[in-house]
Amino acid sequence: MKIRNRLTLLFTFITASILLIFASVIYLSAKENREKEFYASLKKEAITKANLFLNAKVNSKTLQNIYKNNRATLNEVEVAIYDTSFRLLYHDAVDIDVVKETKTMIGEIIQKKELQFYQKDWQVIGLKYNFQGKNYVITAAAYDEYGYKKLQNLLQSSIVVFIISILFLYFAGRFFSKKAFEPIVEMTNKAKKISATNLDLRISSNESKDELSEMANTFNEMLNRLENSFDAQKHFVSNISHELRTPLSAIITELELSTNKERSVEEYKKAIENALDDAKKLAKLSNSLLDFAKASYDPLEIAFKSVRIDEVLLDARQQVQKSNADYKVTIHFENDFENDNQILVNGNEYLLKVAFVNLLENGCKFSQNHQSQVSISFVENKIALSFSDNGIGILTDDLEHIFTPFYRGTNKVYADGNGIGLSLTKKIILLHKGAISVSSKKDFGSTFSVTIPHV
Ligand code: ADP
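So, here is what we can say about the structure in this document. (Residues numbered from 1 in each chain as written. Predicted model: local features only at pLDDT ≥ 70, side-chain atom pairs only at ≥ 80, totals over all residues. Heavy atoms only, no water.)

## A short note on the side chain of Asp 92
Inspection of the secondary structure assignment puts Asp 92 in the loop between β2 (88–91) and α3 (103–112). Residue classification places Asp 92 among the buried residues on the basis of a relative accessible area of 0%. Of note is the side chain of Asp 92, whose polar atom sits 2.7 Å from the backbone nitrogen of Val 79. In terms of polar contacts, Asp 92 uses its side chain to reach the side chain of Tyr 90, at 2.2 Å. (Helix = DSSP H or I, 4+ residues; strand = E, 2+ residues; numbered from the N terminus. Buried < 20%, exposed > 50% of the residue type's maximum accessible area, 1.4 Å probe, protein only. Polar contact = N/O pair within 3.5 Å; in protein donor to acceptor, adjacent residues only side chain to side chain.)

Below you can see the structure in the form of structure tokens.
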């Protein structure tokens, strides 16, 4: 069942229950009032007749005639007067006698002074009445036709009003829930139209700060993020194919040239060397991409353990110097570490080494002296590393882009590369809950500052 219908039914049910309770209370109190009022009027009638009989000495015949005459048109009260020893002094109509008094009943009236009860539908009141020092027992009975009719009318009109109200409430509920859900239906319809090919569509939200427009805004923000990441993904793929195509075309051209006519051994050797160079570039690119994919895994899937940063750095230095005999890396400890914990981080050794190798390699590759320095220091809860070189530096305009995948700075002509290194490095550092920043001055060198929290 749709929420809209559920809400309408719930709303109708709750309001109907309140109405029902309300109507029942009114009906029950009207019923109780009718009973009380009728007993009160019976009492008055009983006393009046007793006074007429005892005080005004109106004779029985006259009183009985009045009763009989009135009975034809109204529900006249039937009164009987007894003395305390159950001797009947007066009766409106002995032949009818609704109450059918008994000695025990009279005794009970004398004892309780007043007795109220029902005889079938008739209400009866019994009174102990004192006149001129003598006690009498009066009973009065009548059927409250007028009161019952009123009550019946109240019940009927309550039922009719109740049914009409429920219908009205149901349709009003439907109308209001439809109005309330209109924006959601609109959002759903709009959301159905959004797919990977038209991620630029947005859900309309009004200016008011209500929950629905907040939801629409949140949804739109999510779409913004999705669109950005889709765009980045598309860029990434086209960049990869471009990076792959360049060395591949170079290898193909090189090999084609060397096969289309007879060449000297020297020329063959040169062609093979060039092809090898390009193949190495391809291998490097594919390794970097693989590392990039690894660093993009869900952090929960990456094995983290306690890693000694100095050991990773030494490994990275060895790898950099081995890959290029001209490169030189020096490591400098700013302060002596007092215990092993200071040099430990919770990390992935392989990925950390990839990050450090990138930074060291960049330092050597973009410097004339092919040298790069790392200084390491321990501050409270983290390790701070500074990778610096005295190389060609980075233009200020490039600084904000160098961590973007495939971005190569204006100085790229100086050295080969594919623009993945720094973006990969940043990903790895962030994965370790660390931070990386750069400062650089053209022709003076660059410094990459990295901090990684301890275990
Ligand atoms: P690549 O080195 O393959 O070009 P990176 O992602 O490692 O790609 O670096 C991106 C860009 O940042 C480089 O192209 C270069 O312009 C700049 N860069 C990085 N490190 C240095 C550095 N130490 N000195 C000068 N420029 C650097």
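So, next bit.
## Some remarks on the sheet that holds strand β10 (residues 382–389)
The five strands are arranged β7-β9-β10-β12-β11 in an open sheet whose pairing can be described as mixed. Each having just a single partner strand, β7 (328–333) and β11 (435–441) make up the two edges of the open sheet. Taken over all neighbouring pairs, the strand axes of this sheet differ in orientation by 15° on average, direction set aside. Relative to strand β12 (residues 445–453), β11 is paired through seven bridges, and the arrangement is antiparallel. Across the sheet, Val 438 pairs through a bridge with Phe 448, a residue of β12. Each of β7, β9 (371–379), β10, β11 and β12 is contacted by helix α8 (residues 349–365), which is oriented at about 135° to β9, the strand it contacts most. (Pairing = 2+ DSSP bridges. Axes fitted to C-alpha atoms, helices over the stretch in contact; angles between N-to-C directions. Contact = heavy atoms within 4.5 Å.)

## A short note on the sheet that holds strand β5 (residues 134–142)
On the basis of which strands lie adjacent, the open sheet formed by five strands has the order β2-β1-β5-β4-β3 and antiparallel pairing. Edge positions in the sheet fall to β2 and β3 (114–119), since each has one partner strand and no second. The mean inter-strand angle of the sheet, taken between neighbouring strand axes irrespective of direction, is 20°.

## Focus: the pattern of salt bridges
On inspection of all chains with the given rule, the structure shows 18 salt bridges. In this structure, Asp 278 engages Lys 281 in a salt bridge whose closest nitrogen and oxygen atoms are separated by 3.8 Å. Of the two residues, Asp 278 and Lys 281 both sit in helix α6 (residues 265–295), three residues apart, roughly one turn of that helix. Overall, Asp 278 belongs to the buried group, its relative accessible area being 11%. A network of salt bridges, in which partner residues are shared, links Lys 49, Glu 76 and Asp 92. (Salt bridge = Lys/Arg side-chain N within 4 Å of Asp/Glu carboxyl O.)

## Digging into the packing of helix α7 (residues 309–323) against α8
Running from N to C, α7 and α8 point in directions that differ by 50°, and their axes come no closer than 8 Å. Considering the angle they form, α7 stands oblique to α8. The crossing of α7 and α8 is right-handed. Note on element contacts: α8 touches α7 through Glu 349, Leu 352, Lys 353, Phe 356, Val 357, Leu 360, Glu 361 and Cys 364, opposite Ile 309, Val 312, Leu 313, Asp 315, Ala 316, Arg 317, Gln 319, Val 320 and Ser 323. By residue class, the composition of the contact of α7 with α8 is 10 nonpolar, two polar and five charged. (Parallel < 35°, antiparallel > 145°, perpendicular 65-115°, else oblique. Left-handed = near helix turned anticlockwise from the far one by under 90°. Nonpolar A, V, L, I, M, F, W, Y, C, P; charged D, E, K, R; others polar.)

## Points about helix α10 (residues 421–431)
Counting buried residues in α10 gives eight out of 11 residues, a clear majority hidden from the surface. Of all the residues in α10, the buried ones are Gly 421, Leu 422, Ser 423, Leu 424, Thr 425, Ile 428, Ile 429 and Leu 431. Remark: Lys 433 follows α10 within two positions and exhibits a positive phi of approximately 60°.

## Topic: the site of the ligand
Of all residues adjacent to the ligand, which total 20 residues, the nearest are Asn 362, Arg 408, Gly 409, Asn 411 and Leu 422. Within the backbone of Gly 419, one N or O atom sits 3.0 Å away from an oxygen atom of the ligand. Contact with the protein chains hides 98% of the accessible area of the ligand, taken as 520 Å² for the molecule alone. Looking at the shell around the ligand, the elements that each hand over two or more residues are α8, α10 and β12. Counting residues per element, the shell around the ligand draws most heavily on α8, which supplies three residues. (Near = heavy atom within 4 Å. Areas by Shrake-Rupley, 256 points an atom, 1.4 Å probe, with all protein chains shown as cover.)

## Remarks on the pairing of β2
Strand direction decides the pairing type here: strand β1 (residues 78–83) and β2, joined by three bridges, are antiparallel. Opposite Ala 80, over in β2, you have His 91 as the bridge partner. Adjacent in sequence and paired antiparallel, β1 and β2 are bridged by four residues, among which Phe 86 carries a positive phi angle near 60°.

## Quick word on the packing of aromatic side chains
Here the structure, examined in full by the defined rule, presents 10 aromatic pairs. Taken together, a centroid distance of 6.4 Å and an interplanar angle of 75° make the contact between Tyr 39 and Tyr 118 edge-to-face. Remark: Tyr 118 occurs in strand β3 and Tyr 39 occurs in helix α1 (residues 3–55); sequence separation between them is 79 residues. Here the aromatic rings of Phe 356 and Phe 387 are separated by 5.6 Å at their centres, their planes lie at 35°, and the arrangement is tilted. Taken together, the residues span a long stretch of sequence, with Phe 356 in helix α8 and Phe 387 in strand β10 at a distance of 31 residues. The exposure classification of Phe 356 matches that of Phe 387, with both residues buried. (Phe/Tyr/Trp six-rings, centres within 6.5 Å; stacked < 30°, edge-to-face > 60°.)

Keep in mind these values describe shape, not function.
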